[in-house]
Amino acid sequence: MQKKWNVIGLIIAAVCTGLFLMQAESIAKQNLVKARVNLGRHLFYDTKLSYNLTKSCVSCHDPSMAFTDGYRTSSGADGYNVKHNAISLLNVKYRTKYTWANPAITSLQMQIQFPFFNEHPTELGWKSQEQIILNRFAADSNYQQLFTLAFPNQKKTFNVINIQQALIAFEEQLISFNAPYDQYLKGNKQALNAQAIAGMKLFNSEKFGCIKCHSWEKPFEKNESKFSFGIRVPSLRNVMITGPYMHDGSVENIFAVFRYYENKKSLNLSNTEQQALIAFFNALTDTSYLSNKELLNPFQYQ
């Protein structure tokens, strides 16, 4: 009998040890992810990322504007404008396509090569400047610590792959699923007022047909990107704070958007209908992420 209990005791001890090791491994992985996100956050806001110290990711993706920049088209490190309007990075983790006009770019790892290595125009300017930029980070004592924590098992941590991985890890934290419309879909029928509900009905109506192209993002699910005439249909999340509009930023404000589609679809929008649609669009605004300091500039918010 004693032998039996000894065996049971050994089994229990082995199970407990296994669970402890699994928990320790899980905690280690979580800490590693946090370290990479933290490194990515610092890189995202740091002009050291551009060859001439003039631009960072936040130059084109400002959190106060839902990670866009408010310009028709963004400018690169040399001051020349890129071809397309800056796309919001919110919920980028759940996208399936990552540029305005190239459906073949299906991952963040593919997309991030463009701002790093584009030449016509230059964005961050890494082409032929890679080692100079890497040396800049390697000489910084703060980054020495951040890179060691993020990539603890590497002898040479300062390389472009690690920088891109850290930036992607940070970008994947930019989540937005708390707009009044999100709350409405979750069952809070008080989240939208009567005017916003009227706008939602217009948006979904056969007459306007907006929903046919602009389907709402489902929380924490991959959202299949649609293309129309070779241009990606953008998310309307935070649409009221992400102007100017269209892939080239050619439409200045929401009223110009209304005029564009009135002409294109021969609509006759009344003032009441416009105000209802604006009320609905305002209900798509979610800036709750701004209360999370871990997503904001680390050189301002610790």
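Residue indices follow the written sequence of each chain, beginning from 1 at its first position. Totals for whole chains, interfaces and linings use all residues, but because this is a predicted model, local features are given only for residues with pLDDT of at least 70 and pairs of side-chain atoms are given and counted only at 80 or more. With hydrogens and water set aside, each side-chain value is computed from the structure's full complement of heavy atoms.

Caption draft 1: Focus on the overall build of the protein. A count of helices and strands for the protein gives 10 helices and two strands. The numbering of helices and of strands both runs from the N terminus, where a helix is a DSSP run of H or I of at least 4 residues and a strand a run of E of at least 2. Starting at the N terminus, the α and β elements of the protein follow one another as α-α-α-α-α-α-α-α-β-β-α-α. Seen through its C-alpha atoms, the protein measures out along the principal axes to roughly 85 × 60 × 35 Å. In the protein, which comprises 302 residues, the share counted as buried stands at 42%. Any two residues whose heavy atoms approach within 4.5 Å are treated as being in contact. A separation of at least 24 residues holds for 62% of the contacts in the protein among residues at least 6 apart in sequence. For the accessible areas, the method is Shrake-Rupley and the probe is 1.4 Å, while residue cover comes only from the protein chains on display. For the protein, the accessible surface area stands at approximately 16,700 Å², while carbon and sulfur atoms represent 55% of it. Averaging the coordinates of the 31 positive side-chain charges in the protein and doing the same for the 22 negative ones gives two points 7 Å apart. When accessible area is computed with a 1.4 Å probe and restricted to protein chains, residues below 20% of their type maximum are described as buried, those above 50% as exposed, and intermediate ones as partly exposed. Positive residues here are Lys and Arg, negative ones are Asp and Glu, while His and the chain termini are left out of the count. Just so you know, the charge point we use is NZ for Lys, CZ for Arg, CG for Asp and CD for Glu.

Caption draft 2: Quick peek at helix α9 (residues 254-265). Each helix should span, by expectation, one fewer than its residue count multiplied by 1.5 Å. Between the first and last C-alpha of α9 there are 16 Å, a value that for 12 residues agrees with the 16 Å anticipated at 1.5 Å per step. Residues of α9 that are buried make contact with α10 (271-282). N or O atoms closer than or at 3.5 Å make up a polar contact, with two conditions inside protein: a donor-capable atom paired with an acceptor-capable one, and, for residues adjacent in sequence, both atoms drawn from side chains. Of the residues flanking the start of α9, the one acting as N-cap is N253, its side-chain oxygen 3.1 Å from the backbone nitrogen of F255. Where α9 terminates, the next one or two residues include S266, which has phi positive at roughly 55°.

Caption draft 3: Local environment of the pattern of salt bridges. What counts as a salt bridge is simple: a side-chain nitrogen of Lys or Arg found within 4 Å of a carboxyl oxygen of Asp or Glu. Applying the stated rule across the entire model yields seven salt bridges. In this structure, K48 engages D140 in a salt bridge whose closest nitrogen and oxygen atoms are separated by 3.5 Å. In this pair, K48 sits in the loop between α1 (2-44) and α2 (108-111) while D140 sits in the loop between α4 (130-138) and α5 (141-150), placing the two residues 92 residues apart along the sequence. The class for K48 is partly exposed, based on a relative accessible area of 24%. Among the ionic pairs, D182 bridges to R237, the shortest N-O distance being 2.9 Å. Of this pair, D182 sits in helix α7 (residues 180-185) while R237 sits in the loop between β2 (231-232) and α9, and the two are 55 residues apart along the sequence. Its relative accessible area of 5% is what places R237 among the buried residues.

Caption draft 4: Looking closely at the environment of I133. Relative to the helices and strands, I133 resides in helix α4. The spacing of I133 and F299 is 166 residues in sequence and 19 Å in space, taken between C-alpha atoms. Sequence-distant contacts of I133, that is, excluding residues within four places in its chain, are made with K48, L49, S50, Y51, G125 and W126.

Caption draft 5: Seen up close, the nonpolar core. By convention a nonpolar core is built from buried Ala, Val, Leu, Ile, Met, Phe, Trp, Tyr and Cys residues, the set being connected through side-chain atoms within 4.5 Å. In terms of nonpolar packing, the biggest core is built from 40 residues, with L49 and I163 touching the most fellow members. Taken together, the elements giving at least two residues each to this core come down to α1, α4, α5 and α6 (160-171). The greatest single-element share of this core, amounting to seven residues, is contributed by α6. When near neighbours in sequence (up to four residues on either side) are disregarded, L49 contacts L43, K55, C57, F116, L124, W126, I133, F137, I163 and L167. Membership of the second largest hydrophobic core comes to 27 residues, among which are L192, F203, W216 and L267.

Caption draft 6: Spotlight on unusual backbone geometry. Cis geometry is adopted by the peptide bond preceding P121, which originates at H120 and carries an omega value of 5°. Here P121 lies in the loop between α3 (113-117) and α4. In this structure, the amide linkage connecting G243 to the following residue, P244, adopts the cis form with an omega of 0°. Among the structural elements, P244 can be located in the loop between β2 and α9. For L53, which is not glycine, the phi torsion reads 65° and is therefore positive. Within the secondary structure layout, L53 lies in the loop between α1 and α2. Of the residues examined, L53 reaches a relative accessible area of 46% and is grouped as partly exposed. A positive phi angle, close to 65°, is found at N91, a residue other than glycine. Along the chain, the position of N91 falls in the loop between α1 and α2. Judged by its relative accessible area of 2%, N91 is buried.

Caption draft 7: Region of the structure containing the side chain of R232. Tracing the sequence through the fold places R232 in strand β2. Despite its burial, R232 pairs with no opposite charge; the closest candidate is E217, at 7.2 Å N-O. One polar contact links the side chain of R232 to the main-chain carbonyl oxygen of K97, over a distance of 3.0 Å. Not counting residues within four places of it along the chain, the set of residues in contact with R232 comprises I87, R95, K97, Y98, T99, W100, S225, K226 and F227.

Caption draft 8: Representation of the packing of aromatic side chains in the model. Each pair of aromatic rings taken from Phe, Tyr and Trp, with Trp reduced to its six-membered ring, is defined by centres within 6.5 Å and is described as stacked if the planes are under 30 degrees apart, edge-to-face if over 60, and tilted in the remaining cases. One pass over the structure, following the stated rule, counts 21 aromatic pairs. Ring geometry for F137 and Y143: centres 4.9 Å apart, planes at 80°, overall edge-to-face. Of the two residues, F137 and Y143, both sit in the buried class. Ring geometry for Y181 versus W216: centroids 5.2 Å apart, planes at 80°, classification edge-to-face. Within this pair, whereas Y181 is found in helix α7, its partner W216 is found in the loop between α8 (194-204) and β1 (227-228), the two being separated by 35 residues in sequence.

Bear in mind that shape data such as this cannot, by itself, settle questions of function.
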